[in-house]
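Descriptive structure summary
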Amino acid sequence: MTPASIKPNRMQAQMAAAWLGECDIIAAQCGWGAGKTFGVVLIWILLDQAKPGIRILQVVDTTDRYHVTLSKECEALLKPRGWTYTSQEGRKWVSPAGSVVIVKSYFRPKTRSVDHNSLEGIDVHVAIIDEAQCMRPEVMLRVLGRIRSGRPPQLMMCGVPTWDNWWIREARKLHGTIDEGSGNALRAAIIMAPSTVNT
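Notes on the structure follow. Within each chain, residue numbers correspond to sequence positions counted from 1 in written order. For a predicted model such as this one, the threshold for reporting local features is a pLDDT of at least 70, and the threshold for listing and counting side-chain atom pairs is 80 or more; totals across whole chains, interfaces and linings nevertheless cover every residue. Excluded from the side-chain calculation are hydrogens and water; included are all heavy atoms of the structure.

1. Remarks on unusual backbone geometry
- For E131, which is not glycine, the phi torsion reads 60° and is therefore positive.
- Only runs of H or I of at least four residues qualify as helices and only runs of E of at least two qualify as strands under DSSP, and these elements are numbered from the N terminus. Tracing the chain through its elements places E131 in the loop between strand 6 (126-129) and helix 4 (138-144).
- On the basis of relative accessible area, E131 is assigned to the buried category, the value being 7%. Each residue's exposure class comes from its accessible area (1.4 Å probe, protein chains only) as a fraction of the maximum for that residue type: buried when under 20%, exposed when over 50%, partly exposed otherwise.

See the structure below:
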């Protein structure tokens, strides 16, 4: 169920299948050039089509990351489909169907406790963490705390290959654990895509 004119690669198709199959935790380790950012925006479009009016939290490591990589894919994929961008009350993309993607950078001064972070006060159905390798594992717990309206709550974490791919490790640990809200065992999907760029 991909939007017309979008041809996902194998990794992007796996990401979409995990979302639409309602896996609770999706962890993707994608090499440079694998199409991770394109895949993230594709997920926004698919979720908007499947659940109009959905609220999505998109977490990146820095504001610069949004402007350098993510915003380009948004302009190419979302604007032709009628989505609009607003910077009122933070960075948001809004679909014609009323879905909202809230784009936040995760920042916590080292002098503050983990309860003081840039994600406070947000309530969403699903969330995506991109560039996980640039953040500490605490971001996962902070983001899970923001998924208050999702049934089922879903979280995808993406990053490039690194020696400490904590998001893959955490997804494996969560698989099979019981979600206290529903009483169901969590299902995790692990997606590994090699780099397509010679380094």
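From this point on, the discussion continues.
2. Digging into the pattern of salt bridges
- Counted as salt bridges are all cases of a side-chain nitrogen of Lys or Arg within 4 Å of a carboxyl oxygen of Asp or Glu. Here the structure, examined in full by the defined rule, presents six salt bridges.
- With a closest N to O distance of 2.9 Å, R169 and D164 form a salt bridge.
- When its relative accessible area of 25% is taken as the criterion, D164 is described as partly exposed.
- Two residues, E170 and K173, come together in a salt bridge whose shortest N-O distance is 3.2 Å. With a gap of three residues between them, E170 and K173 both fall in helix 5 (residues 166-174), about one helical turn apart.
- Classification of E170 as buried rests on a relative accessible area of 14%.
- Looking at K173, the relative accessible area reads 54%, which means it is exposed.
- Salt bridges here are not isolated pairs; linked through shared partners, they connect K36, D130 and E131.

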